[in-house]
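Report on the structure
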Amino acid sequence: MASSTGEGAAPIVLYHYPYSPYARRVVWYLALRGIPYMECIQPPFMPRPDVEALGVNYRRIPILTVGRDVYLDTRLIIQKLEALYPEKPRLGATSGGDQAIEQLLQSFNIDGGIFNHAFQLLPTDLPVLRDPVYYKDRAEFIGKSLTKESLGKGRPEAVNEMKKAFDLFEHMLLADGRDWVLGSDGPRVADIEAIWPYHWLAGIPGALPEETFSPSTYPRVYSWIDRFQKAVSAAKKTNGRAERISGEAALKLTAGSPWNEAPGSVDPQDSVVVADGLRGGDLVTVWPTDTGSSHRDTGSLVSISSTEVVIETRAKDNAATVLRVHAPRHGFRVRKTAGTTQTRL
Ligand SMILES: N[C@@H](CCC(=O)N[C@@H](CS)C(=O)NCC(=O)O)C(=O)O
């Protein structure tokens, strides 16, 4: 379990770039919970030397470090942040029914393809989408070719998919006039899980065709987005903005920090542990299976459960700096590193 309690807690650094819709999920969470953190701004394309310096090959944004623990994927990051600062009210659902809605909303937007449809709606005249480097970089990221033309071609279908998603919120989840998806008195994790692709698109002129998407066709969705933005802006005003630090400063800070968590254990009954004959200390490789799959991290297995895998790695140019990289099991693969027997780092 996470051990930080606020005062003197392990420092938090968010590696991100501000227009990443996934990163915003974490920025919003940190703001709404009033958790202090630092940010290390990354370029929108590879290479990312600051992340490499941590000894991390994973290429997706965001990445969060809490002390010497490195967390991959916003789904795990938000869950881990919930465990920090117990004196501050948590934002996650507590009843079984609400927790199920929160998780289903997460799957709907991330696994259900909404993000991919949202991506297809980006106007190809956005400055970043005029840069040929972008297409080369993102083709590597998605593992297939990507061109300005192929992006444009996907638009009509994506408009229809997005309409279906807007309908779900307008005519079902928010239909009774509630302010927040779980009927709470303020935004919760469920709202973050629900809102991010729509908030992102609504903020990019030309992404959503106005004849289909507008405050008059979807009044509940647009006022929810507006309300959410106001709540985040107010929280940022109250809690102050993140301090920006360089990659060098972030690495130094991380290297000199305590662990955020005590190490867990290897679940002997886990089906991958059984199939691969894994034991603590084995060299394993971990990677995401949907995007950025060619960027894999190898390290000594610290723990594995049905929800999380943790490996011990070392900073790139400083072998004395040991870090623990945490990834969720969902959407990630763990395999014994080919040609190795049990080894301790
Ligand atoms: N499932 C991941 C997805 C993260 C993701 O796809 N992030 C995008 C940025 S919004 C990314 O990394 N794009 C490629 C890149 O920036 O290199 C998460 O929840 O963190």
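Just so it is clear, the model here is predicted, and its values are computed rather than measured.

The next subject is the confidence of the model for the protein. On average, residues of the protein carry a pLDDT of 94, and 96% of them reach 70 or more. Confidence over residues 1-7 falls short of pLDDT 50; this stretch has 23 contacts with residues more than four positions distant or in other chains.

Tracing the backbone through its elements, the reader meets H326 in strand β9 (residues 318-328). Under the relative-accessibility criterion, H326 is labelled buried at 3%. Side chain to side chain, H326 and D69 meet in a polar contact 2.6 Å long. H326 has contacts with D69, V70, Y71, L72, L76, K80, E261, E308, V309 and V310, leaving out every residue within four places of it along the chain.

This part takes up the sheet that holds strand β2 (residues 38-41). Spatial ordering of the open sheet is given by β5-β2-β1-β3-β4-β9-β8-β7-β6-β10, a layout of 10 strands whose pairing is mixed. Looking at strand neighbours, the two that pair on one side only are β5 (243-244) and β10 (332-336), the edges of this open sheet. Here strand β1 (residues 12-16) pairs with β2 via four bridges, running parallel. Counterpart to H16 in the pairing with β2 is I41. In the packing of helix α3 (residues 74-83) onto the sheet, the strands contacted are β1, β3 (63-66), β4 (69-72), β8 (308-315) and β9, and the crossing angle to β4 comes to about 130°. Against the sheet, helix α11 (residues 247-255) contacts β1, β2, β3, β8 and β9, and its axis sits at roughly 145° relative to β1.

Another point: the site of the ligand. The environment of the ligand is formed by 14 residues, the closest being Y17, R48, R59, I61 and T74. With respect to the ligand, the backbone of I61 contributes an N or O atom lying 2.8 Å from a nitrogen atom. A distance of 2.5 Å separates an oxygen atom of the ligand from a polar atom in the side chain of T74. About the coverage of the ligand: the protein hides 96% of its 510 Å² of free accessible area. In this structure, the ligand is accommodated by the largest pocket.

Conventions used here
Residues numbered from 1 in each chain as written. Predicted model: local features only at pLDDT ≥ 70, side-chain atom pairs only at ≥ 80, totals over all residues. Heavy atoms only, no water. pLDDT = per-residue confidence, 0-100. Contact = heavy atoms within 4.5 Å. Helix = DSSP H or I, 4+ residues; strand = E, 2+ residues; numbered from the N terminus. Buried < 20%, exposed > 50% of the residue type's maximum accessible area, 1.4 Å probe, protein only. Polar contact = N/O pair within 3.5 Å; in protein donor to acceptor, adjacent residues only side chain to side chain. Pairing = 2+ DSSP bridges. Axes fitted to C-alpha atoms, helices over the stretch in contact; angles between N-to-C directions. Near = heavy atom within 4 Å. Areas by Shrake-Rupley, 256 points an atom, 1.4 Å probe, with all protein chains shown as cover. 1 Å grid on protein atoms, 1.4 Å probe; cavity = no way out; pocket = protein on both sides within 12 Å on 5 of 7 lines; lining within 4 Å. Sits in = over half its atoms within 2 Å of the grid points.

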